[in-house]
Amino acid sequence: MRDTILRGGIVLDPESGFQDTADVLIRGNEIEEIGRDIRARGAEEIEVDGLYVLPGLIDMHVHLREPGQEDKETIETGRLSAVKGGFTSIVCKANTGQIIDRPEMVDFIHFRAEETPGPNVFPVGAVTKSLKGRWLAMIGEMARAGVVALSDDGSSVYDTEMMREALLYAKRFNLPVISHTEDTTLTEGGSINAGFISFRMGLEGIPAESERIHITRDCLLARDTGAKLHIAHCSTRKGIEEVKKAKRNGIDVTVETAPHYFALNEEAVGDFETNAKMKPPLRSEDDRQAVVKALKEGDIDIISSDHAPHTIPDKDTVFELASFGIVGLETTLSLIITYLIEPGTISPLKAFSYITYKPANRLGLDKKGRLREGFDADITVIDMNREVIFDTFVSKGQNSPFRGKRLNGRAEYVFVGGKIVLKRGELVYG
Ligand SMILES: [Zn+2]
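Residues numbered from 1 in each chain as written. Predicted model: local features only at pLDDT ≥ 70, side-chain atom pairs only at ≥ 80, totals over all residues. Heavy atoms only, no water.

A. Up close: the overall build of the protein. Tallying secondary structure elements over the protein gives 14 helices and 19 strands in all. For 430 residues, the compact-globule formula gives about 22 Å, and the C-alpha radius of gyration of the protein, at 21 Å, lands near that figure. Expressed as a percentage of the 430 residues in the protein, the buried residues total 63%. Counting contacts in the protein only where the partners sit at least 6 residues apart, residues at least 24 apart contribute 74% of the total. Of the roughly 16500 Å² of accessible surface on the protein, a fraction of 46% belongs to carbon and sulfur atoms. For the protein, the separation between the mean place of its 54 positive charges and that of its 67 negative charges on side chains is 2 Å. (Helix = DSSP H or I, 4+ residues; strand = E, 2+ residues; numbered from the N terminus. Rg over C-alpha atoms; globule rule 2.2 N^0.38 Å. Buried < 20%, exposed > 50% of the residue type's maximum accessible area, 1.4 Å probe, protein only. Contact = heavy atoms within 4.5 Å. Areas by Shrake-Rupley, 256 points an atom, 1.4 Å probe, with all protein chains shown as cover. Lys, Arg positive; Asp, Glu negative; His and termini not counted. Charge placed at Lys NZ, Arg CZ, Asp CG, Glu CD.)

Shown next, in the form of structure tokens:
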């Protein structure tokens, strides 16, 4: 493989705080050198003047649907969608058609993800067998097969004793447990945020307490067990406050939010817009502002897309029956730029920390998330000023409230392990 020089970009490494105009030399699958006026005989030169050169982006909350729900997404289409959105590593959840609750399933995901070049796929193993909440899944065997975390995401682990057992077990393998925090006794039948809008629309509401109760419970269990806990898709002021309190008490907990919780509020549901229906639901304007503030102040650790592709019939139905979730791999970067960086709320270094070294650190992803010599040549080059309007997505899922919206910023080049997979915004494989 020829060496590549990315010439004259604005190089950003959120972990070290480095931000300067520099060249980056890629040799083999590693970052060989970062500096001024790099020379390397025979290297391919790519001018990236005015573009931002970042560590490859990492999305730690993706639903790839395969095996078992290939009408919604496949590992291949999900990976293509990830590349288009600038991601070089994605972490896929266990609630596929056939559940990732045993080592053969983990092997299957790895096998499929290695068939073509493209983003690294890191599977999450289920906490409980078939996500039923009754018996622990084959955690030890899945740990040996290479899962990076455990989660029943899509569902909460309802049984408190089961969650405690899972945390104890996960700790033995140094794996974080990712909690989908939902008290289902409070959310049953609910479609949108509980409040004036749900009342006016005649829909069952999902209260903020549903999230808060499970965050509180799981933080207490994490303290009790000393295990690593990660809170998925935090959507409310109350939830953020609970995590903050837990961190102050020394509990090993991190928390993520998703772009729709800082870009939209419950009003986006508008006239029964099923593409604005997800779990947890879009919340109040006060909650949205709390999410933005927490990102500004570093009280939220990670931004993940919660990419949840669905078919058209899944969404083109009565609101209460429509599936929960939206696609996010292709819009996350533009939403971060448009809603957090452009208004000057958060610096690029801080905003990009949430999708680079912070998820890499939490999951223990070796040599990822940093733009540094000797690290993997997973690199994303971004045009921050490029206007984008999403008409269709590379993902099989077209379910997004951001379709047709004018946003700013997109990935121009993506390298995974030194191989180019996105060039001038176009896929170069698949
Ligand atoms: Zn979830």
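B. Molecular detail of the environment of Phe173. Mapped onto the fold, Phe173 is located in the loop between helix 4 (160–172) and strand 10 (177–179). As for Phe173 and Ala149, which are separated by 24 residues in sequence, their C-alpha atoms are 9.7 Å apart. In this structure, Phe173 is in contact with Ile139, Gly140, Ala143 and Arg144, ignoring residues within four places of it in sequence.

C. Spatial organisation of the coordination of the zinc ion. Bound to the zinc ion are the protein donor atoms Asp153 (OD), His180 (ND1) and His233 (NE2), situated 2.0 to 2.2 Å from the metal. Among the residues examined, Asp153 registers a relative accessible area of 2% and is labelled buried. (Donors = N, O, S within 2.8 Å, 3.2 Å for Na, K, Ca; no water.)

D. The nonpolar core, seen in detail. In this structure, Phe262, Leu295 and Phe352 are the most contacted members of the largest nonpolar core, which totals 99 residues. Inspection of this core shows a minimum of three residues originating in each of domain 1 (4–53 + 376–427) and domain 2 (57–363). Setting aside residues up to four positions removed in sequence, Phe352 forms contacts with Leu12, Pro14, Leu54, Leu333, Ile337, Ile341, Ile382 and Met384. (Core = buried A, V, L, I, M, F, W, Y, C linked by side-chain atoms within 4.5 Å. Domains from an automatic or database assignment.)

E. Up close: the domain arrangement of the protein. Domain parsing of the protein yields domain 1 (4–53 + 376–427) and domain 2 (57–363). Summarising the inter-unit geometry, the C-alpha centres of domain 1 and domain 2 are found 26 Å apart. Contact with domain 1, which involves 38 residues of that partner, is made by 49 residues of domain 2. The junction of domain 1 with domain 2 conceals about 3400 Å² of combined surface from both sides, 70% of it contributed by carbon and sulfur atoms. It is Lys396, Asn399 and Phe402 that lose the most area in domain 1 upon contact with domain 2, and together they represent 21% of the buried surface on that side. Run the count over domain 1 and domain 2 and you get 16 residue pairs in polar contact (both at pLDDT 80 or more). Mapped by element, the contributors of at least two residues to the side of domain 1 that touches domain 2 are strand 1 (4–13), strand 2 (18–27), strand 16 (379–389), strand 17 (406–416), strand 18 (419–423) and strand 19 (426–427). Element by element, the count of residues in the side of domain 1 that touches domain 2 is highest for strand 17, at eight residues. Along the lines of polarity and charge, the residues of the side of domain 1 that touches domain 2 split into 20 nonpolar, eleven polar and seven charged. (Buried area = accessible area lost by both parts, 1.4 Å probe. Polar contact = N/O pair within 3.5 Å; in protein donor to acceptor, adjacent residues only side chain to side chain. Nonpolar A, V, L, I, M, F, W, Y, C, P; charged D, E, K, R; others polar.)

F. Inspection of the side chain of Ser210 at higher detail. Examined against the element boundaries, Ser210 turns out to sit in helix 7 (residues 208–225). The residues contacting Ser210, other than those within four sequence positions of it, are Thr181, Glu182, Asp183, Leu186 and Thr187.

G. Seen up close, the pattern of salt bridges. As enumerated under the stated definition, the model contains 30 salt bridges in all. A salt bridge links Arg370 to Glu15, with the shortest nitrogen-to-oxygen separation between them at 3.4 Å. Note that Arg370 is positioned in the loop between helix 14 (357–363) and strand 16 and Glu15 in the loop between strand 1 and strand 2, a separation of 355 residues in sequence. Of the residues examined, Glu15 reaches a relative accessible area of 30% and is grouped as partly exposed. Connected through shared salt-bridge partners, Asp3, Arg27 and Glu32 make up one network. (Salt bridge = Lys/Arg side-chain N within 4 Å of Asp/Glu carboxyl O.)

H. Local environment of the packing of helix 4 against helix 7. Here helix 4 crosses helix 7 at 45 degrees, and the two axes come no closer than 10 Å. Considered as vectors, helix 4 and helix 7 are oriented oblique to each other. Relative to helix 7, helix 4 is oriented so that their crossing is right-handed. Seen from helix 4, the contacting residues are Thr160, Met163, Arg164, Leu167, Leu168 and Lys171; seen from helix 7, they are Arg217, Asp218, Leu221, Ala222, Asp224 and Thr225. Here the contact of helix 4 with helix 7 is composed, by residue class, of five nonpolar, two polar and five charged. (Axes fitted to C-alpha atoms, helices over the stretch in contact; angles between N-to-C directions. Parallel < 35°, antiparallel > 145°, perpendicular 65-115°, else oblique. Left-handed = near helix turned anticlockwise from the far one by under 90°.)

I. Fine view of the environment of Gly97. Mapped onto the elements, Gly97 comes out in the loop between strand 7 (87–92) and helix 2 (103–113). On a C-alpha basis, the gap between Gly97 and Asn275 in space is 22 Å, while along the polypeptide they are 178 residues apart. Contact partners of Gly97, with chain neighbours within four places excluded, come to Arg65, Pro67, Gly68 and Gln69.

J. The packing of aromatic side chains, seen in detail. Under the criterion given, the structure shown has three aromatic pairs. Between the aromatic rings of Tyr169 and Phe173, the centroid separation amounts to 5.8 Å while the plane-to-plane angle is 55 degrees, which identifies the pairing as tilted. You can call Phe173 partly exposed: its relative accessible area is 24%. Here Phe272 and Phe319 contribute two aromatic rings whose centre-to-centre distance is 6.0 Å and whose plane-to-plane angle is 75 degrees, an arrangement assigned as edge-to-face. Remark: Phe319 occurs in the loop between helix 11 (312–315) and helix 12 (332–341) and Phe272 occurs in the loop between helix 9 (259–263) and helix 10 (285–297); sequence separation between them is 47 residues. (Phe/Tyr/Trp six-rings, centres within 6.5 Å; stacked < 30°, edge-to-face > 60°.)

K. Region of interest: the side chain of Thr356. By the element assignment, Thr356 lies in the loop between helix 13 (348–353) and helix 14. In contact with Thr356, other than residues within four places in its own chain, are Pro14, Pro55, Gly56, Leu57, Ile58 and Gly369.

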